Structure formats: C-alpha cells, structure tokens
Amino acid sequence: MARIELENITKRYKSMAADTFAVDGLSLDIKDNEFFVLFGPAGAGKTTTLKLIAGIEFPEEGLVKIGGNIVNLIEPMNRNVSMVFENYALYPHLSVYDNIAFPMRSPLHKKDEAYIKEAVERVVKMIKIDGLYERKPSQLSNGQRQRVAIGRGLVREPNVFLMDEPLAHLDAKLRHFMRGELKEMQSAFNTTTIYVTHDFMEAMSLADRIAVLNKGKIEQLGTSLQMYYTPANEFVARLFGEPEINIFPAEAGSENGALVLKALGQEAPLVPEEDAAQILKEKNIRAVDVGVRGNDARFSLAPRDSSWIKGSIYAFEPIGNKVIMTVDVNGEKIRIAAPNSTSADLDQAVYIKFDMKHAIYFDSDSKVFITRSEIEKYR
Ligand code: ADP
Ligand code: MG
C-alpha cells in the first residue's frame, strides 16, 4: 500500500517528432489504496505512465514518488511494484500453482515453500480459481488465464499494482463478466491500483477516480459521474457514453433566449433551462456548442409540430439492451438511444426533441465546458 505521486513528469522517446511527448508535464497524486483509472485513446501515454511508475522507463524531467519516497533512481525490482499487461504471458509449461508462485521463487524474492503455499492460497481465494491448481494455462479459459495473471501480480503483496488493459483482448461478453469480477475482487486487493483502459464502461464501473489522458496530458481528473455529467471539454464528453454525445453549434435566436441550431438548417428552437440560460446571459454568450446525449433525445415516428426537428433514419443498430438510431438532419447525424422494442425502416421520417434539462454547453472556440442545467446537483 502506498501513495503515488508524479510531479511534472516528461518523457519522450527518441523516435518521436521534435515537439511530441509520450508524457508531457504530467502530475498526479494517487491516494494510498485507491483504485485509480488512467483512461484515454491509443497513444495517449497510458502505458508509458505505468512504465515510469514501475521503473521500466525513466522520465527526462520530474519526480516519481512511491510512499513519499523519490524513486527515480530505484531499480524496478526494488520498487515492489507489480504490473499485469494485456498479453499476460503465463508460463505454458507451469501449472496454475507454479505460475502464481513464480514471483516468490525468483532469486531476489525467494521465499520458503510453506510461505509460498500460504500466499498462493490467499490469492487463489481472491481470484476464485480453487480446484484448478494443477492445470496448465492451455487447459484454462481466457477469463481464468487472466485471473491467474492477476493472482501472480498480487501474490507478492506489492505496494502498487499496475494493470495495463487487462481485459482488452477478451470478447465483449467475457469482458463484461470479468469487469464485474474485478469489481468484486478489488476490495480484497488491499493495494494502490492503477488500471489502464480505453473502455469507458470499464473506467466508470471500476474507478474511485479517473484521469483522462490525451497526448501525454490530463484533460480531466475526477469521478465517473463528473466525467459523464460535467465533462471538462468536448473531448471528454465524446469519450464517455454510448452512443457518443451529440454536439452542435447553436446561436441565440430571437425568442426568449432560445438557441437555434444553424447546422441542422432548421429553426426548431432549443430553449435552455432557466439556470443555464441565466449563465449564458450573464457571460453574454451568443454562440455555444450544445451537447445532448442520446438518452436525452425524444423521438417520434409520427409527424410532430415545428418545435421538433425533422430528419430521416440513417442507421439502426441493436446493441443488446438498446437500439442506437442515427438520424440524418440535413447531412448532420444525430445519435439517439431507442428502446429495444423500436421498429423502424431506414430513410423513414423521424421527429426529434432534445431534453434541454440535460444539455451541456461548451465554448464554441475553445470547446471547454461552460455550464449545464442543475449544475449544483452534479458538482
Ligand atoms: P497508450 O498506452 O496510451 O496507447 P503509449 O504510452 O504506449 O500510449 O504511447 C504514447 C506515445 O509514445 C505514442 O505516441 C507512442 O507511439 C509513443 N511510444 C510509446 N513507446 C514507444 C517506444 N518504445 N519508442 C518510441 N515511441 C514510443
Ligand atoms: Mg498502452
């Protein structure tokens, strides 16, 4: 168990373009025993950050602290950090038991067999693979193999447990299942854990806190709900939620503070909730980007009046618990989450009304968050 601090860390690889950094002035303060998620697109610098903590890479600038001690010059094997990768290479010729025991048999950390047995039994309970001791990795399912890799990572009781997209290669169903399993296991980990993923559902369901990383920098640091309800900018808003949030430029219209979506070529007015309207007015903002999630758009296949936006169905994708309906409005695409029972034909006319109670407003130029309705509720 340990607090982890990164202070102004910079790392660039020699082959990178002159002005690009894998990690760019990154600072993080991760609490003792926290389950912390690093989230972001491919190339954001997530793996590099883990390697800097593990000591596999060294920062050009900045300090790495574990448990209050600067570890920049400490070798990986002396940091008591354990790392599980996406390609959790188990030793194929070793049994489950011996795979998990392996880190305690290395020359540096060698323990006696009675100690090892106790430690293996402790993690085996945690990862729920009782009765599979004698199996070889080839006799396990993908999910079981991943659990053995996690067990191997935890057996030495590391100060810091790093997991790099451990579920990324599993199929969707198993990934979902393992996410639940990890959630259950995590209270038993009893160690500071940093978990890397590019799957927003994983990030949201597992994290105490999330850092959204992009181009080696933090876009936002906070809880799952903060990412979803008060995203720091449009980049973060687009990463959380399925379907992706709809964001449209809007301008103040003539009527009582209503906004008009010029991009949609229709005059259907969007009326911000009073509190949001007040803030836009105070700041004298006449042009904003309005974000509305697919869950917050109503639709009707029957004709509606001109306060509804008219479009046609462009795509219709059932994704299990809902249908993602993409609607074309003058060439712009609006994504709507529809109930599973919805049946509709491509090109069919559809009428949309945004629920402005959940709209999120961004600065059109900087793409930075301005406000949302009922903001106090989400702070
Ligand atoms: P992520 O894990 O978020 O996908 P990485 O930390 O692996 O991102 O990579 C961050 C950036 O650093 C990327 O632009 C990547 O191409 C570059 N990079 C990572 N490892 C190396 C390396 N060994 N040599 C050169 N460039 C690298
Ligand atoms: Mg990576």
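Now for a description of the structure that goes with this document.

1. Quick notes on the pattern of salt bridges
Item 1. Using the criterion set out here, one finds 18 salt bridges in the structure.
Item 2. Close ionic contact of Glu-121 with Lys-117 constitutes a salt bridge, the shortest N to O distance being 3.3 Å. Highlighted residues: Glu-121 and Lys-117, both in helix H3 (residues 113–127), separated by 4 residues, approximately one helical turn.
Item 3. Residue class for Glu-121 comes out partly exposed when judged on its relative accessible area of 32%.
Item 4. Overall, Lys-117 belongs to the partly exposed group, its relative accessible area being 44%.
Item 5. Among the salt bridges present, the one from Lys-333 reaches Asp-328, with a minimum N-O distance of 2.9 Å.
Item 6. Overall, the relative accessible area of 27% leaves Lys-333 in the partly exposed class.
Item 7. Here the salt bridges do not stand alone but share partners, grouping Arg-3, Glu-5 and Asp-29 into one network.

2. Some words on the packing of aromatic side chains
Think of a pair of aromatic rings as described by two things: how far the centres are apart, and how the planes are tilted against each other in angle.
Item 1. Considering all chains together, one arrives at 10 aromatic pairs under this definition.
Item 2. Between Phe-35 and Tyr-195, the ring centres sit 5.7 Å apart and the planes meet at 35°, which makes this aromatic pair tilted. In this pair, Phe-35 sits in strand S3 (residues 35–39) while Tyr-195 sits in strand S8 (residues 192–197), placing the two residues 160 residues apart along the sequence.
Item 3. Here Phe-35 falls in the buried class, since its relative accessible area comes to 3%.
Item 4. Under the relative-accessibility criterion, Tyr-195 is labelled buried at 0%.
Item 5. Relative to Phe-102, the ring of Tyr-91 has its centre 4.4 Å away and its plane inclined at 35°; by these criteria the two rings are tilted. Here Phe-102 lies in the loop between helix H2 (96–101) and H3 and Tyr-91 lies in the loop between strand S6 (81–84) and H2, a separation of 11 residues in the sequence.
Item 6. The exposure class assigned to Phe-102 is partly exposed, which follows from its relative accessible area of 35%.
Item 7. Aromatic ring contacts, followed pair by pair, group Phe-39, Phe-200 and Phe-240 into a single cluster.
Item 8. Over the aromatic face of Tyr-228 sits the side chain of Arg-293, whose NZ or CZ is 4.1 Å from the ring centroid.
Item 9. Over the ring of Tyr-314 we find Lys-333; its NZ or CZ atom is 4.4 Å from the centre of that ring.

3. Regarding the packing of helix H4 (residues 142–154) against helix H5 (residues 172–189)
Item 1. In contact at an axis separation of 11 Å, H4 and H5 are set at 25° when each is read in the N-to-C sense. Here H4 is positioned roughly parallel relative to H5, judged by the angle of their axes. Crossing angle aside, the handedness with which H4 passes H5 is right-handed. In this structure, H4 contributes Asn-142, Gly-143, Gln-146, Arg-147, Ile-150 and Leu-154 to the contact, and H5 contributes Leu-174, Phe-177, Met-178, Glu-181, Leu-182, Met-185 and Phe-189.
Item 2. Of the residues that constitute the contact of H4 with H5, the class distribution is 8 nonpolar, 3 polar and 2 charged.

Quick notes on the rules
Residues numbered from 1 in each chain as written. Chains lettered and ligands numbered in written order. Predicted model: local features only at pLDDT ≥ 70, side-chain atom pairs only at ≥ 80, totals over all residues. Heavy atoms only, no water. Salt bridge = Lys/Arg side-chain N within 4 Å of Asp/Glu carboxyl O. Helix = DSSP H or I, 4+ residues; strand = E, 2+ residues; numbered from the N terminus. Buried < 20%, exposed > 50% of the residue type's maximum accessible area, 1.4 Å probe, protein only. Phe/Tyr/Trp six-rings, centres within 6.5 Å; stacked < 30°, edge-to-face > 60°. Lys NZ or Arg CZ within 6 Å of the ring centre and 35° of its normal. Axes fitted to C-alpha atoms, helices over the stretch in contact; angles between N-to-C directions. Parallel < 35°, antiparallel > 145°, perpendicular 65-115°, else oblique. Left-handed = near helix turned anticlockwise from the far one by under 90°. Contact = heavy atoms within 4.5 Å. Nonpolar A, V, L, I, M, F, W, Y, C, P; charged D, E, K, R; others polar.

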